[in-house]
Amino acid sequence: MTRRSCAIYGVGIACASLLIIGIGLIVAQVFQTLIHNRLKKEITLTEGSRVFETWKNPPPPVFMQYFFFNVTNPDAFLDGAKPIVSQVGPYTYREYRPKENVTFVDNGTRVSAYQPKTFVFLPERSVGDPDYDMITTINIPAVAVMNKVKDSFWRSSMVSVWMNSLRVGIFMTRSVNELLWGFKDPLLSRIHPINPEIDEYFGLMYKKNGSNDGEFVYHTGEADFMDYGRVATFKGESKLSLWTSEQSNMINGTDGSAFHPLLSKTERLYIFSPDLCRSIFMEFEKDVKVKGLPAYRFTPPRDVLASKEENPANEGFCVSPKECLGTGLLKVSVCRKGAPVVTSFPHFYLGDEKYSNAIEGLDPVREHHQTYLDLNPTTGVPIRASKRAQINILINRISGFPQTKSLNETIFPVMFINETVVIDDVSAAKLHKLLLMVTLVSNFPLVLVGLGAILLLVFIGLIVCEFKQKKSTKEDTSYSPVSNKEADEKNGSSYVALTPVIDKS
């Protein structure tokens, strides 16, 4: 056997081996399973894991933006006119949210932590000075007190007299700082000596700078990667007791800062939000890229805040049958000390049009008012997010208070927030390297198949060359034609086959 033949056989054997092994590994998904199992072990809330330190102290900066609705015709509204508002903002704060008192419990299968939030004002990202910019808006303390005493003639009469004497109305004008971080309210100060449980101060973010929502206990994900970051208990309870159904009181999902790896487009992600006093869910919307990183965008669908008629499962979020609001709204008075606070998406996005049409100056736009999460599907890491929510006050005619005599039931917008985060460059670079390694390992069988395919082409080329060479050799072999016999005989020669014979006689 020639060297050329040995080479052809060798290439053929190598080609067949690579193709068989590569295709076998692809079908068996050996390397993909290997890297997925590695990810499941690495992405856990355990000491020394790849994500534990960043979970405790997230490096990407979080920004909180506050937008206010300044009422431009308060007197006309009290007389029955349509309210007119203008959006003022943003007033932007850098939000720091490291986890504290991190402790492993239940034999290390769970981890408890507190997450205090601290806000630092950023003037370069804001429209003005919160100490001097004034906002005219609904007087939330007054409306809350009126709703609290409306069922008692004597108490409502007394509060009405106090409001007149203190010149407290349905609207108030305060600075942005006062509305956010608190001010001493005259009506609350009058009530405080009688009922010490009533705080004299009011602010939409009062006592929330430097404080936490309470103790969270999370699943580490070590036993089941699908439980990574999932909230087990909040304030020592595994479920809420605020709503009217078991399903509504369930604490589902994570706190929004961590999600399990190997995400699927078909799954529904749950997030528990203390601000909303409930869990919400999000569904896949589209593929996106952030700093070159692939991500799935998950957003809350209309069903999340749909009316009980559209989504019967939401009936449990009705404070009472009479207080069941329409699509796009959630009354959270049960966790706001009875105040008629209603949450929604900004500008009543995804809500019934009647709510945004009732207020002049609102214009719900998906791009500006949608809440979304961009998650890397391989690791579950949030690489960009925007949490948007609006605080509204339910106002209507209240017996015993002449100031409200011309009011119709209105969901009045006060403020909305936009809490945003984008992965920082250092974290993005680390994630790029991790994803590259995952891709290389997962696609190793494809590399083998690719090499096998290349060798197959080489093998075919060698076979073709060998065939052509053999054909050429046959064509180059010469056969002399038999000469005219009579002419040859005259020359004294005769031919036997192809070899000439000389006649010696």
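Residues numbered from 1 in each chain as written. Predicted model: local features only at pLDDT ≥ 70, side-chain atom pairs only at ≥ 80, totals over all residues. Heavy atoms only, no water.

So, about the state of the cysteines. Applying the stated criterion across every chain yields a total of two disulfides. A sulfur-sulfur separation of 1.7 Å characterises the disulfide bridge that pairs Cys 277 with Cys 335. Negative torsions about the S-S bond denote left-handed disulfides, and the value of about 85° found for Cys 277 with Cys 335 makes this one right-handed. Taken together, the residues span a long stretch of sequence, with Cys 277 in the loop between strand E12 (268–273) and strand E13 (278–290) and Cys 335 in the loop between strand E15 (330–331) and strand E16 (341–344) at a distance of 58 residues. Residue classification places Cys 335 among the partly exposed positions, given a relative accessible area of 23%. In this model Cys 318 forms its disulfide with Cys 324; the gap between the sulfur atoms is 1.6 Å. (Disulfide = S-S within 2.5 Å. Helix = DSSP H or I, 4+ residues; strand = E, 2+ residues; numbered from the N terminus. Buried < 20%, exposed > 50% of the residue type's maximum accessible area, 1.4 Å probe, protein only.)

Take the sheet that holds strand E11 (residues 231–234) next. What the four strands build is an open sheet, ordered E3-E4-E10-E11; its pairing is antiparallel. Where the open sheet ends on each side, the last strands, each with one partner, are strand E3 (100–105) and E11. Between one strand and the next, the sheet's axes are offset by a mean angle of 20°, whatever the strand orientation. Inspection of the sheet shows strand E4 (residues 110–114) paired to strand E10 (residues 216–219) by four bridges, in the antiparallel sense. Opposite Val 111, over in E10, you have Tyr 218 as the bridge partner. (Pairing = 2+ DSSP bridges. Axes fitted to C-alpha atoms, helices over the stretch in contact; angles between N-to-C directions.)

So, about the packing of aromatic side chains. Inspection of the entire model under this criterion finds 26 aromatic pairs. Residues Trp 55 and Tyr 218 carry aromatic rings whose centres are separated by 5.3 Å and whose planes lie at 90° to one another, so their mutual orientation is edge-to-face. Placement of Trp 55 in helix H3 (residues 52–56) and of Tyr 218 in strand E10 is noted, with a sequence separation of 163 residues between them. Residue classification places Trp 55 among the buried residues on the basis of a relative accessible area of 6%. For Tyr 218, a relative accessible area of 1% translates into the label buried. Ring plane angle 80° and centroid distance 5.7 Å describe the contact between Tyr 66 and Tyr 93, whose orientation is recorded as edge-to-face. With a gap of 27 residues between them, Tyr 66 in strand E1 (residues 62–71) and Tyr 93 in strand E2 (residues 85–96) connect regions that are remote in the sequence. Like Tyr 66, the residue Tyr 93 is buried in the burial classification. (Phe/Tyr/Trp six-rings, centres within 6.5 Å; stacked < 30°, edge-to-face > 60°.)

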